[in-house]
Every structure is written in structure tokens, then in C-alpha cells.
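Structural overview for review
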Amino acid sequence: MPSKNKTNRKKKNAINRRKCATIRKNGVIEGKKTTVVLGAFIRFLVNFEQDIVDLIIFFLQTVHRISKYSKVMDLSLSLDPFDNLVVCVPREITDIVINAFYGCTSLNKITLPPNLVVIGSYAFLGCTFLTKIALPPNVVVIGSYAFDACSSLTKITLSSGLGAIGRYAFRGCASLTKITLPSGLQSIESYAFDACSSLTKIILPPGIIIIREFTFSGCSSLTKITLPLNLVAIGAFAFSGCSSLTTVVFPPALAEIGPYAFCGCTSLISVKLPSSLTKIRTRTFCGCTSLTEITMPPGLVDIKKCAFFKCTSLTTVSLPSGLVEIGAYAFYSCSAVLNVVLPPGIVEIGEGAFSRCKSLPEITVPPSVTHLVRNIVTRPTVMKWKWKKKK
């Protein structure tokens, strides 16, 4: 009877010749396909950086213990002429479950079945060699972290029936230059496209009414964003660090722009805020160093602290008549501002609100102000300011 080591060597040689293998539930190894348990263990099998024979033995030992809890399928594995891993998922599969291809750094190409409905959370996380993927038309959900850190992904075709994209779904897909969102998409969760640094353009479909926090943060190549007419809110840090973004057209229904939403958008030139907006949040346009003009809505009542912090190209600040409060350091270091006219009904001006506005020669504070921190301007600013407190 041949020894176990000799048998293993024969299997290894056969597998090396075929470049792929099949594991059946009964233990038979054959053909050009591999039967595996789709789930957390699949990543051990499809990572060709490890010894495939040891992995086959591992699966033969474990499949009978976990098959009753997981979906079992025939998964076609092969190597292309450059020894890259190619995977074909069978037609019967409707779900790619959680962690299915997590960390498969050799995965280069995958063909998904036409009946696929769900791509589970973490399904392709860390597949750093995956370059493109097309989703079948019936896919309705992309789970959280599904394609997170797929740094070589240059193209993805989304399904026409897609309704939801989960948190962190495409975060860190640094090679992705373009993505077309289907018209029926209803939800994009936070961080979905965070740090997609090669993405140049995005058109949001009409069903999106909220852009959540950090959704497009760090998309440093993004030059154009088309916002849907029904959009009501933009979350915190949503477009922070989009340093190539030059213009944004806000829809009329927009009622909320979160803190830091456009912070660090250093190419943004002009902004016209919608009439439905009543507050500008903390650091919303902080560090927008190319911003020369901002049109504020007539219903604006509150500008929070550091809202326009270091907007060094801003020349004119036209404040609406209904403005009540300007927060601390709101216009700090806006060194190109030449003129500011404070509205007659303003009540409070925070500390350092106009500090380091080096080009502003004078500011007149109306008597309606009941709370004024003495150092609304600080050295080395050369500015006169006048205030006659209301009796």
C-alpha cells in the first residue's frame, strides 16, 4: 500500500498539470472545477499563495462538519496563462455570502451567475488583484465592505435593479475612475466611495435623498458631481478632501449641509447655497482656498464656528438680513476679504470671527449685537471696528 506522503505527491503533481481541481463531498478530486463550501473558509482555498494540496486535505476534513450550516456549490477555479486566479460561480447561486472571497489577493477575474441577487458583506474585501467585475441585472443589494480595498479595480458594471449600496462598499478602490449608478438606486450608505482617489465624475440618481457622512470623502480626482433634485441632506465630511472639485450646484430642496461637508475642497471656486438652507455648519467650507464667491440664502440665520476658516481667496462676504449669529473663527484668515456688511438684526458674533482678515480695513458692528467677544479680530490684523451697544 503506497504511503500517505507518496499519494499526496501524486495528487500535487496532477493538480499542477491541470492548474485546478475538483473536491466533491465524497472526497473525490477530479476535473476542472472545485466543489467548496462558500463562506469564510473559501478564502483559504482560492488563495494560490498557499499550498493547494494541504488546503484540499483541510477541506476534505472540514466539509462534512460545516456543510449543514453553509451553502455548498461547484466553483470553477482555473489559472490564466499568467497564473492569475479566474473564478466562475455556478448559475444556481443567488447569494454571495459574507466573507466569500475575503482577502483573496490572487483573484483576478470572476464571472457571476445571472440569478445572483445579493452580494454579502465583506464578500470581496481586500481582493487587491481584482481588476473588473460585472454584476448581473438581478442584484439588488451590495453589502457593507463588499469591495473594500479592491485597490486594482478599474471597472465595475452595476446591475440595473440595484437598490442599495452598503457602508464602505467601495472604500479604497483607488483605481476606479468611473462608475454609473443605476436610476433605481435608493440608498448609498456612509463611506461607500471613501478614498476612491481616481474617481472623476459621479451622477447621483433621483432616488437618493440623503448623502451620508464620508460618502465621497477623499475622492481627490472628482471634478464634477451632479446632485439629484430631491436631495434634502448632505452628511458630515461627505465631500471633504475632494481637492479637484471646482463647482457644485445645490438642489432647491436641500435643507442640511453637515459639518466639514466640503472641507478641503481646494479647487472649489464659487458656491450658491439654496434658499431652503438656514444654517451653515461647523467647518463646512473650511480650507476651500480657491473659493472666491459665496451666495448665501435669504433665510440663513446661523453661521457656525470656522465655517469659512482659511478661505484665503474669498473677496466679498454678503450676509443676509435675517442672520442672527456668526460663530467663533467663522471667517478666520480669509485674507482676501475686502468688505463685510453686517446685517442690522445680528445678535451675536463669536471670538475671532474675522481674525487675520488682512485685507479688511474696517467693520461696523450694529447696535443689535448683544453679545460681542472683544477680540472678534486679533493681531496681527490691521482693522478698525466700531460698536455702539444698544441701550
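To keep things clear, this report deals only with the structure shown in the data block. This is a predicted model, so every value here is computed, not measured.

A word on the pattern of salt bridges
Per the counting criterion, the structure on display carries 4 salt bridges. Note that E189 is salt-bridged to R212, the shortest N-O span being 3.4 Å. Residue E189 is found in the loop between β11 (187-188) and β12 (201-203), and its partner R212 is found in the loop between β13 (210-211) and β14 (224-226); the two are separated by 23 residues along the sequence. Taking relative accessible area as the criterion, R212 reaches 32% and is therefore assigned partly exposed. Measuring nitrogen to oxygen at the nearest pair gives 3.0 Å for the salt bridge that ties R281 to E256.

Things to note about the packing of aromatic side chains
Per the stated rule, a full pass over the model turns up 20 aromatic pairs. Centroid distance Y122 to Y145: 4.8 Å. Interplanar angle 5°. Geometry classified as stacked. Of this pair, Y122 sits in the loop between β6 (118-119) and β7 (132-134) while Y145 sits in the loop between β8 (141-142) and β9 (155-157), placing them 23 residues apart in sequence. Relative to F354, the ring of F331 has its centre 5.4 Å away and its plane inclined at 5°; by these criteria the two rings are stacked. One end of the pair, F331, is in the loop between β23 (325-326) and β24 (339-341); the other, F354, is in the loop between β25 (348-349) and β26 (362-365), and 23 residues separate them in sequence. Accessibility assignment for this pair places F331 and F354 in one class, buried.

So, how was this worked out
- Residues numbered from 1 in each chain as written.
- Predicted model: local features only at pLDDT ≥ 70, side-chain atom pairs only at ≥ 80, totals over all residues.
- Heavy atoms only, no water.
- Salt bridge = Lys/Arg side-chain N within 4 Å of Asp/Glu carboxyl O.
- Helix = DSSP H or I, 4+ residues; strand = E, 2+ residues; numbered from the N terminus.
- Buried < 20%, exposed > 50% of the residue type's maximum accessible area, 1.4 Å probe, protein only.
- Phe/Tyr/Trp six-rings, centres within 6.5 Å; stacked < 30°, edge-to-face > 60°.

Function cannot be inferred from these measures alone, as they are strictly geometric.
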